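Here is how the chains run, residue by residue.
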Amino acid sequence: EAWEGHNVTAPSRRVLMVQTDESQGDTLTALDQRGFEDDMPIRIMTRWTADHMAGLRKEIEEFNPEVILIDSLTSINRNSMFSENDTEYARPVLELRDLAQEFGCLIYLVHHSNSQNGSRGTKAITASVSHVFSLHRPSDGASATNPKRILCVDKSRCRAPGEYVLEFNQETGGWDFKGVNEKEGDKEDAPDNGDSTVKEVILEFLITNRNVKYEARELESFLGFSKAAVHRALSDLSHSGLICRAKKQGAGSGRRPNVYW
């Protein structure tokens, strides 16, 4: 199902959760509060450290997870002889990246922030990963009781940076999406010119025709928008990570057009 209007890419995913940052009882209680059930495709490891990478490899080979969530880098790296500020401290991150590439899975690695909302320790940690997301309190409501958080896309190899507002739902234990974090002056500096409607129509068309690749000229013809409007919308949607973009395969030796899906 879609989450807060954002379409998902599959009805479910096999998830391996490596939770070494809290007790097994706390983990199971939290999952139960969030509606997780025994028959869901999730496996939990509560005892593992980065110096036993072979143990994680064995678990991946047995369970074949599509997503691995590790909480946290500090906890799994507690046996390291290096400090967080040493470049060598990031070596397990590189090993995890190699595992992700070998088995075709996605690995999320939780790492705690410093007092400036940045990543703690050596810069080699963030340099070793493809994406960096951070979650922090809004600057205008830094109280610990404020249920709102700002989700920042600080680094990504496939989309533009962005900030989004989330609000913790006490009843469900989940997060409600409250929209893009509009910074002061953003709307005045970037007039809409009707592009929002074009983006909405294109996105809905591509969702309806999921995994079918279209050239920009085809979308112009199908949807009746101008060439300039379609190209602006496709650029914005792909930079926001909402659609995929690639060069068309088998298009001859000349300049290959982009396709979108």
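Presented here is an overview of the structure given in this document. (Residues numbered from 1 in each chain as written. Predicted model: local features only at pLDDT ≥ 70, side-chain atom pairs only at ≥ 80, totals over all residues. Heavy atoms only, no water.)

**A few points about a nonpolar patch on the surface**
- Together, W3, V8, L135 and W175 give the surface a local cluster of nonpolar side chains, amounting to about 350 Å² of exposed area.
- For V8, a relative accessible area of 35% translates into the label partly exposed. (Patch = residues over 30% accessible without salt bridge, like charges linked within 9 Å, V, L, I, M, F, W, Y side chains within 5 Å. Areas by Shrake-Rupley, 256 points an atom, 1.4 Å probe, with all protein chains shown as cover. Salt bridge = Lys/Arg side-chain N within 4 Å of Asp/Glu carboxyl O. Buried < 20%, exposed > 50% of the residue type's maximum accessible area, 1.4 Å probe, protein only.)

**Section: the sheet that holds strand β2 (residues 42-45)**
- The sheet built from four strands is open, its strands ordered β2-β1-β3-β4 with parallel pairing. Either end of the sheet is taken by a strand with one partner, and the two such strands are β2 and β4 (106-110). Across the sheet, the axes of successive neighbouring strands diverge by a mean angle of 15 degrees, strand direction being ignored.
- In this sheet, β2 lies alongside strand β1 (residues 15-19) in parallel orientation, the contact comprising four bridges. Residue M17 lies in a different strand from β2, and its bridge partner there is I44. (Pairing = 2+ DSSP bridges. Helix = DSSP H or I, 4+ residues; strand = E, 2+ residues; numbered from the N terminus. Axes fitted to C-alpha atoms, helices over the stretch in contact; angles between N-to-C directions.)

**Focus on the side chain of E59**
- Assignment of secondary structure puts E59 in helix α2 (residues 53-63).
- E59 has contacts with L16, R43, M45 and N64, leaving out every residue within four places of it along the chain. (Contact = heavy atoms within 4.5 Å.)

**Focus: the environment of V180**
- You can see V180 is positioned in strand β8 (residues 174-180).
- Separated by 177 residues in sequence, V180 and W3 have C-alpha atoms that sit 15 Å apart.
- Beyond its immediate sequence surroundings of up to four residues, V180 is in contact with E163, Y164 and V165.

**Details of unusual backbone geometry**
- In this model, D71 is joined to S72 through a cis peptide bond whose omega is 5 degrees.
- Tracing the chain through its elements places S72 in the loop between β3 (67-71) and α3 (73-76).
- Positive phi values are uncommon outside glycine, yet N211 reaches one of about 70 degrees.
- Examined against the element boundaries, N211 turns out to sit in the loop between α7 (195-208) and β9 (214-215).

**Brief notes about the environment of E167**
- Inspection of the secondary structure puts E167 in strand β7 (residues 162-169).
- The sequence separation of E167 and R149 amounts to 18 residues, and the corresponding C-alpha distance is 6.2 Å.

**Notes on the sheet that holds β9**
- Ordered by their spatial adjacency, three strands build an open sheet running β9-β11-β10, and the pairing between neighbours is antiparallel. Each having just a single partner strand, β9 and β10 (245-247) make up the two edges of the open sheet.
- With three bridges connecting them, β10 and strand β11 (residues 258-260) associate as antiparallel partners. From the neighbouring strand, R245 faces β11, where its bridge partner is Y260.

**Section: the packing of aromatic side chains**
- According to the stated counting rule, one finds five aromatic pairs in the structure shown.
- Consider the rings of F168 and W175, whose centres lie 5.4 Å apart with planes at 65 degrees: the pair is edge-to-face.
- Through pairs of rings, three or more aromatic residues link up here, namely F205, Y214 and F222.
- Against the face of W261 rests K213, its NZ or CZ located 4.4 Å from the ring centre. (Phe/Tyr/Trp six-rings, centres within 6.5 Å; stacked < 30°, edge-to-face > 60°. Lys NZ or Arg CZ within 6 Å of the ring centre and 35° of its normal.)

**A few points about the nonpolar core**
- Formed by 23 residues in total, the largest nonpolar core has its most connected members in L16, V18, W48, L56, I68 and L96.
- Core analysis: the next-biggest nonpolar cluster, separate from the first, contains 14 residues, F205, Y214, A216 and V230 among them. (Core = buried A, V, L, I, M, F, W, Y, C linked by side-chain atoms within 4.5 Å.)

**A closer look at the pattern of salt bridges**
- Within the structure shown, the criterion is met by ten salt bridges.
- In this structure, the salt-bridge partner of R43 is E62, at a minimum N-O distance of 3.8 Å. Linking R43 in strand β2 with E62 in helix α2, this pair joins segments that are 19 residues apart in sequence.
- Taking the relative accessible area as the measure of exposure, R43 reaches 29% and is therefore partly exposed.
- In this structure, E84 engages R120 in a salt bridge whose closest nitrogen and oxygen atoms are separated by 3.1 Å. Here E84 is found in the loop between α3 and α4 (91-103), whereas its partner R120 is found in the loop between β4 and α5 (124-127), with 36 residues between them in sequence.
- Taken together, the shared-partner salt bridges connect R13, R14 and E66 into one network.

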